[in-house]
Amino acid sequence: MLKEIEDIKAKYPDTRAALLPALYIAQKEFGWLSLDAMKAVANALNLPESDVRGTASFYSMFRLKPAGRNLIQLCTNISCMILGAERLRDLLKDRYGLLPGGTTEDGRFSLVIMECIGACGTAPAMLVNTDLYENLTEHNIAEILGKYK
Amino acid sequence: MEKFLLRNTENPNSADIEEYIKTGGYKNISKAFELQPSDIIEEVKKSGLRGRGGAGFPTFMKWSFASADKKFPKYLICNADEGEPGTFKDRPILEKNPHLLIEGMIISGYALKAEYGYIYLRGEYPYAYDVMNQAVRDAYDKGYLGDNILGKNIKFNLVVHLGAGAYICGEETALLDSLEGRRGLPRNKPPFPVNAGAWGMPTIVNNVETLANIPHIIEIGADAYSKIGFPDCPGPKLYCVSGHVEKPGVFELPMGISLREIIYDYAGGTKNGKKLKAVFPGGISAPVLPADSIDCAMDFVSLPKAGSMLGSAAVMVMDETVCMVKIAHRAMKFFERESCGKCTPCREGTEWLRKILERIENGRGRNEDISLLTDISNNIFGKSFCALGDGAAGVMKSILKHFRAEFEEHIKEKRCRFKQKD
Ligand SMILES: Cc1cc2nc3c(=O)[nH]c(=O)nc-3n(C[C@H](O)[C@H](O)[C@H](O)COP(=O)(O)O)c2cc1C
Ligand code: FES
């Protein structure tokens, strides 16, 4: 992780610019941004811990609490909403006990409600981890989630 | 119309550098390098190109200001944050035509004497991130990027930088703060980024589609380019259509085509032939247009006259089954969540609006709520630190203006009649 952060520093005229990339690296390594993970980043970039935490907490894609093994990012913005995204959100609650911001008891899924993810032409849409799924229906969503253990 | 921005994108390998070169790609770099940087800026001026990021600002003006500044190094930033809800027009360039963007950035960097470029790409596009990174690596390997491009002693280095899910980071000064590794809060202007942008140096921020137009201007010349589409605002344009239409998607069309043509001739008309109710012509930050106002030209100059804005050219189509109170509520939830919190009118105002809309939608609206919505909107509009608040207030006002009766009905009937159909 430290080596990776060093390489990234070289791409910017100022060390601090490596903060977002470094947070991504730490999040990948630890699964989420615990205080320890942020401390490691702060040390690597020679920044105050409070500053790192203050920055990380601004961005919705940095997770400041532990997440499940798979992250469902469901869009409910307008183009997805008018084509049924809210029914999908309800289905995740009814079938998996998954509430927005929550994690299933077995730790298999976490759910985050997204604003537009740029797949409005094939709405409704979601990302599972980094995989994009479009044209979701109440039928195909279960099949898609079945692929993630 | 012959496609330029989406040229060859039906080819599944269009993102491959060899494919791009085979179809004439990167030849405009050599052509541009024959010209003086100032000549290229002059060509861009003659072309009439306006920025495609939302405001339609003349590109040459920004470029002239930046090149007049004597400080170096200068930075060229591509705004690939594409956060406006309903917008997915930059995505096909990023995913299927990445080398067009890189070529545009190399030429722009040369014209602006900017030797360092960054692509600020939204975190929600992991696939585009992989494609763009691969494309940048390949362009380095082929000698199109680096310290001695094509052996001409011209330098341009390019880095793809991933955002992390904050809409405000699409606003160009917030983007700069975010790029520098801070919370993405908009900056005070002046100084403008063209004089003091990234790391305090002269910085040009342009949208993906704007930069992707540059090779075309070099290829066909400013005169020919300026004849495409609408005279005051020419060029090819990407329109992304979503919502209740038969064939949603991204369409490359001449700038200034009418909204009706886009919906009915290209997007196949409304889904299942239902009655059209309303359209956001440029994302949810652009005022909504009712069904009887779609005979307007879709360009940066004409739409303001029709009461809206081209914004990100995100055409969101809503049919008769849609409740406009609910639409307003969802839009405001977005603005509340994405308000950066720096200024009070936007931070507090969007939350108040959302709460009032929520009670109206849930049948608990009060008689004074409509005037309250208007009053709060007026206190956000023109008083917020950046244009996020203006967008939120403008949309609220437009929905109230065209669909006031629906709000009155919710309050009077104490329910939403669209709900059971949902
Ligand atoms: C709240 C807000 C969000 C914005 N989001 C974007 C965006 O996602 N992409 C973009 O290119 N411009 C966005 N803009 C516009 C930019 O501030 C800026 O005008 C644009 O990047 C300039 O590029 P252009 O001249 O090529 O249009 C946004 C503006 C505001 C106020
Ligand atoms: S509105 Fe859901 S992807 Fe754009």
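The structure under discussion appears in the preceding block.
Residues numbered from 1 in each chain as written. Chains lettered and ligands numbered in written order. Predicted model: local features only at pLDDT ≥ 70, side-chain atom pairs only at ≥ 80, totals over all residues. Heavy atoms only, no water.

Trainee: How would you sum up the interface of chain A and chain B? Please name residues and give values.
Mentor: Across the boundary between the two partners, chain A contributes 40 residues, which contact 53 residues of chain B. The three residues of chain A that bury the most area against chain B are Phe58, Ile78 and Glu115 of chain A, which together make up 18% of that side's buried surface. The interface formed by chain A and chain B holds four salt bridges in total. Close ionic contact of Lys326 of chain B with Glu86 of chain A constitutes a salt bridge, the shortest N to O distance being 2.6 Å. Run the count over chain A and chain B and you get 20 residue pairs in polar contact (both at pLDDT 80 or more). (Contact = heavy atoms within 4.5 Å. Buried area = accessible area lost by both parts, 1.4 Å probe. Salt bridge = Lys/Arg side-chain N within 4 Å of Asp/Glu carboxyl O. Polar contact = N/O pair within 3.5 Å; in protein donor to acceptor, adjacent residues only side chain to side chain.)

Trainee: Could you give an account of the site of ligand 1, naming the residues involved and the relevant values?
Mentor: Residues and elements named next belong to chain B. Around ligand 1 sit 18 residues, and of these Gly53, Lys62, Asn79, Asn207 and Thr210 come closest. Between ligand 1 and the protein, one listed contact pairs an oxygen atom with a side-chain N or O atom of Lys62 at 2.9 Å. Between ligand 1 and Asn206 there is a distance of 2.9 Å, counted from an oxygen atom to a side-chain nitrogen or oxygen. Protein contacts shield 88% of the accessible area of ligand 1, which totals 620 Å² for the unbound molecule. Among the elements of the structure, β4 (203-207) and α15 (387-413) are those that each provide at least two residues to the shell around ligand 1. Take the shell around ligand 1: its biggest share by element is three residues, from β4. Grouping the constituent residues of the shell around ligand 1 by class yields four nonpolar, eight polar and six charged. (Near = heavy atom within 4 Å. Areas by Shrake-Rupley, 256 points an atom, 1.4 Å probe, with all protein chains shown as cover. Helix = DSSP H or I, 4+ residues; strand = E, 2+ residues; numbered from the N terminus. Nonpolar A, V, L, I, M, F, W, Y, C, P; charged D, E, K, R; others polar.)

Trainee: Quick rundown of the sheet that holds strand β3 (residues 126-128) of chain A? Include the residues and the values.
Mentor: Residue and element names in this part refer to chain A. The strand order β2-β1-β3-β4 describes an open sheet built from four strands, whose pairing is mixed. Sheet topology places β2 (109-114) and β4 (131-133) at the edges, where each strand pairs with a single neighbour. The sheet shows a mean angle of 20 degrees between the axes of neighbouring strands, taken without regard to direction. (Pairing = 2+ DSSP bridges. Axes fitted to C-alpha atoms, helices over the stretch in contact; angles between N-to-C directions.)

Trainee: Describe the sheet that holds strand β9 (residues 276-280) of chain B, listing the residues and the values that go with them.
Mentor: If you trace the five strands from one edge of the open sheet to the other, you get β8-β7-β11-β9-β10 (chain B), paired in mixed fashion. This sheet does not close on itself; its edge strands, each paired only once, are β8 (249-254) and β10 (289-290) of chain B.

Trainee: Can you explain the environment of Glu358 of chain B? Please cite residues and give values.
Mentor: Counting through the fold element by element, Glu358 of chain B comes out in helix α13 (residues 344-361). It is 21 Å that separates the C-alpha atoms of Glu358 of chain B and Phe280 of chain B, two residues lying 78 residues apart in sequence.

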